[in-house]
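So you can see what is in the structure, the chains are spelled out below.
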Amino acid sequence: MKITVVGAGAVGATTADNIARRELAEEVVLLDIKEGLSEGKSLDMFQTATLLGFDTKLTGSTNNYEKTAGSDVVVITSGLPRKPGMTREELIGTNANIVKGVAQNILQHSPDAILIIVSNPMDTMTYLTLKSLGLPKNRVIGMGGILDSARFKTYLSFALNCPPNDIHGTVIGGHGDTTMIPLTRLATRNGVPVSQFLDADTLKKVAADTMVGGATLTGLIGTSAWYAPGAATALLVESIVRDQKHIFPCCVYLEGEYGQSDICLGVPVVIGKNGWEEIIDYKLNEEEQAAFNKSADAVRNMNNVLST
Ligand code: NAI
């Protein structure tokens, strides 16, 4: 198994680190446009192999796509991150050119790769990649919902004063501060609906905190987060390379599912060796479906910016 991570910045390097530590591949290639950055970071990470006890080889590449040849999975994190006060959507122009160019180069050397899109605005970048390269829909997956769900579960665990791993919770819809939909009704603590423990106002606050979870971190750190994004991306990679068939909320191309078509948006999907394999219908209630439709409208407007 060979995995390439494009972008050796905060999220890309953390993703590669998580992949290597868990030995998800024989080799991880880290590629960046900045001279020496990917070589330096991958060498630094590879020097932890004997300290942490993994054998995955890490290789750096300054924009040389030949080194990525034959990759099974490719994670694209290249592009600008947001700064405090910025929305993910403001990154669109710059990141669209970067993501499209990177994906074209990748496919020349790894025509069968499954692509994971992380760069923001992620829903639009996923749609752009799928449409501009004409790939089979199952091989293009946007990562956002796994991260947003992890944040949702964290805020629920704070409110419930319980371990985060006791909680199940999912965030669907777009990966934006106003477009994501934490599914409070379906969240559980050890199988019991969280609404049995928390009142409506607290649940609303948890959902609101989740939605601005990324912005909160950007405000604190000064740039966007990387530990949870890297861990979330590696979890997605793991389900592909180990064919685990986990259900994760991921940004995928919809053709009528959840009432939407010709758009990439976050829905629960089964993830295995072929990429995303099946969309799971959570049977949204009226209010949730209305929120999903509103989210789709906002993401569609963003997609249209690229075609105008
Ligand atoms: P960063 O600035 O630390 O790293 C980005 C890297 O991309 C830089 O090292 C840069 O040199 C490289 N790059 C730029 N153009 C390139 C090109 N043409 N080819 C190869 N490499 C190129 O940024 P960070 O924090 O790693 O974030 C990366 C992206 O991921 C941003 O767009 C950010 O908004 C997004 N993000 C998405 C998340 C999600 O859940 N989908 C979560 C967190 C960040």
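Our structure's up above, just so we're on the same page.
Computed from a predicted structure; not experimentally measured.

A. Spotlight on the nonpolar core. Core analysis: the biggest nonpolar cluster contains 50 residues, and Ile-116, Val-237, Cys-250, Ile-271 and Phe-292 have the highest contact counts within it. Counting residues per element, this core draws most heavily on helix H9 (residues 227-241), at six residues. With residues near it in sequence (within four places) discarded, Val-237 still touches Ile-3, Ile-19, Leu-24, Val-73, Val-75 and Ile-116. Of all hydrophobic cores here, the second largest spans 26 residues; its members include Ala-96, Ile-106, Leu-115 and Tyr-127.

B. Looking closely at the site of the ligand. The environment of the ligand is made up of 29 residues, and the closest members are Val-11, Asp-32, Leu-80, Asn-120 and Met-143. Between the ligand and the protein, one listed contact pairs an oxygen atom with a backbone N or O atom of Gly-79 at 3.4 Å. Residue Asn-95 places a side-chain N or O atom 3.3 Å away from an oxygen atom belonging to the ligand. Those elements that place two or more of their residues in the shell around the ligand are helix H1 (10-21) and helix H4 (92-109). No other element matches the three residues that H4 contributes to the shell around the ligand. Across the shell around the ligand, the residue classes break down as 16 nonpolar, 11 polar and two charged.

C. Seen up close, the pattern of salt bridges. Tallying each qualifying case throughout the model produces 11 salt bridges. Put simply, Arg-242 and Glu-238 hold a salt bridge, and the shortest N to O gap is 2.7 Å. Asp-243 is the partner of Lys-273 in a salt bridge, and the nearest nitrogen-oxygen pair spans 3.9 Å. Residue Lys-273 is located in the loop between strand E13 (261-272) and strand E14 (275-279), and its partner Asp-243 is located in the loop between H9 and strand E12 (246-255); the two are separated by 30 residues in the primary sequence. We classify Asp-243 as partly exposed; its relative accessible area is 26%. Several salt bridges converge on common partners, so that one network encompasses Asp-243, Lys-245, Lys-273 and Glu-277.

D. Local environment of helix H8 (residues 213-221). Here H8 has its buried residues at Gly-213, Gly-214 and Thr-218. Along the axis of H8, the buried positions cluster into a sector of 135 degrees, meaning they face one direction only. Opposite the buried face of H8, at more than 90 degrees from it, the exposed residues are Gly-219 and Leu-220. Turning to H8, the residues buried within the fold contact helix H6 (145-160) and helix H7 (200-211).

Scoring rules and cut-offs
Residues numbered from 1 in each chain as written. Predicted model: local features only at pLDDT ≥ 70, side-chain atom pairs only at ≥ 80, totals over all residues. Heavy atoms only, no water. Core = buried A, V, L, I, M, F, W, Y, C linked by side-chain atoms within 4.5 Å. Buried < 20%, exposed > 50% of the residue type's maximum accessible area, 1.4 Å probe, protein only. Helix = DSSP H or I, 4+ residues; strand = E, 2+ residues; numbered from the N terminus. Contact = heavy atoms within 4.5 Å. Near = heavy atom within 4 Å. Polar contact = N/O pair within 3.5 Å; in protein donor to acceptor, adjacent residues only side chain to side chain. Nonpolar A, V, L, I, M, F, W, Y, C, P; charged D, E, K, R; others polar. Salt bridge = Lys/Arg side-chain N within 4 Å of Asp/Glu carboxyl O. Arc of directions from axis to C-beta.

Everything listed here is a matter of geometry and, on its own, says nothing about what the molecule does.
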